[in-house]
Amino acid sequence: MRYIGNKENVIPRMYEILIHKGIAGRSLFDFFSGTTSVSKFYKRLGYTVSSSDFMYFSYCLQKAYIENNSTPTFERLLPLPIVSPLKSCASPLDRVIAYLNELEPEEGFIYNNYTPEGTYHLSQPRMYFSNENGKKIDTIRQQIERWKNDNLLLGNEYYILLASLIETVSFYANVAGVYAAFQKKWDPRAIKPFIIKSPLFNHFQGFPLGGSCRVSLLLL
């Protein structure tokens with residue numbers, strides 16, 4: 001995930017340093033979890049992980065990757081006629097993701113606040129997302145919420161889909177790494193057609209029996 005402060009590339013080296021210094025344990029508290037890179041790394045190693053963050057996007061990632069320990073089946077969603085034709089995809093998650101990618105774009109919050117067309121009335125129209133990608137993000141986000149409100153998503157399936165969207169969006173955003181400002185020229189990645197990707201759950205394989213994970217959203 002493109003995000004300033006993401007430790008994904010340095011975690012293995014950090015772990016090597018701890019081992020070299022004889023610092024060991026079987027539990028980890030990832031106090032400001034962010035993109036969950038640290039929590040996921042230690043979860044793969046079989047640690048008992050607790051994580052938290054102020055930001056809701058991080059909470060969604062924690063629910064999908066850290067608290068969740070099973071591959072989603074979407075047993076309530078997949079029998080619906082609107083989804084069932086997508087039988088050629090490899091897994092239930094892939095089938096749902098394929099359906100979301102086929103939705104017709106519609107204007108919503110992202111389009112109205114973070115695209116040039118949606119903010120044309122401003123002295124400097126915003127260029128966080130292209131017009132078409134803004135609409136695509138909106139329609140996927142609204143569809144996920146409708147499924148949740150219709151009680152068609154079980155357990156952490158809602159957060160898994162949100163995590164998929166959150167992580168994909170970062171690769172189409174016209175920003176340097178955070179959303180404090182947009183770039184004044186289009187990053188080539190930002191103008192490619194938006195395609196939501198399935199998250200990777202390979203870290204489940206090493207999770208130990210009897211281990212546990214706990215996530216929380218810090219509130220002031």
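Above this note sits the structure.
Residues numbered from 1 in each chain as written. Predicted model: local features only at pLDDT ≥ 70, side-chain atom pairs only at ≥ 80, totals over all residues. Heavy atoms only, no water.

Chemist: Sorry, what's going on with the overall build of the chain here?
Modeler: Across its full length, the chain holds seven helices and three strands. Across the chain, helices and strands are ordered from the amino to the carboxyl terminus as α-β-α-β-α-α-α-α-α-β. Looking at the chain as a whole, 46% of its 220 residues qualify as buried. Long-range contacts, defined here as pairs at least 24 residues apart, represent 66% of the contacts in the chain between residues at least 6 apart. Accessible surface computed for the chain: about 12000 Å², of which carbon and sulfur atoms make up 56%. (Helix = DSSP H or I, 4+ residues; strand = E, 2+ residues; numbered from the N terminus. Buried < 20%, exposed > 50% of the residue type's maximum accessible area, 1.4 Å probe, protein only. Contact = heavy atoms within 4.5 Å. Areas by Shrake-Rupley, 256 points an atom, 1.4 Å probe, with all protein chains shown as cover.)

Chemist: I tried to follow the side chain of D138 on my own but got confused; where do I start?
Modeler: Note on placement: D138 falls in helix 6 (residues 131-149). R141 is the oppositely charged side chain nearest to the buried, salt-bridge-free D138, at an N-O distance of 8.3 Å. With near-sequence residues (within four places) excluded, D138 lies in contact with E106, E107, G108, F109, I110 and Y111. (Lys, Arg positive; Asp, Glu negative; His and termini not counted. Salt bridge = Lys/Arg side-chain N within 4 Å of Asp/Glu carboxyl O.)

Chemist: Teacher, can you tell me more about the pattern of salt bridges here?
Modeler: For side chains of opposite charge, pairing can occur when their charged atoms come near one another. For the coordinates displayed, the defined rule picks out six salt bridges. Here K63 and E67 are joined by a salt bridge, their closest N and O atoms 2.8 Å apart. You can see K63 and its partner E67 sitting in helix 3 (residues 56-67), four residues apart, about one turn around the helix. By relative accessible area, K63 is classed as buried at 12%. For E67, a relative accessible area of 27% corresponds to the partly exposed category.

Chemist: I'm lost on the nonpolar core in this one. Help?
Modeler: Most often, soluble globular proteins keep nonpolar side chains buried together rather than apart. Judged by nonpolar contacts, the single largest core of 47 residues is most densely connected at F74, V96, L100, W147, L161 and F194. At the level of elements, helix 2 (37-44), helix 3, helix 4 (92-102), helix 6 and helix 7 (157-169) are the ones that each hand at least two residues to this core. In terms of residue count, helix 7 provides more of this core than any other element does, eight residues in total. Those residues in contact with L100 that lie beyond four places of it in its chain are K136, I140, Q143, I144, W147, L161 and I196. (Core = buried A, V, L, I, M, F, W, Y, C linked by side-chain atoms within 4.5 Å.)

Chemist: I tried to follow the environment of F109 on my own but got confused; where do I start?
Modeler: Take F109: it is sitting in helix 5 (residues 109-114). C-alpha of F109 to C-alpha of D138: the two residues are 29 residues apart in sequence and 6.6 Å apart in space. Among all residues touching F109, those that are not within four sequence positions of it are Y114 and D138.

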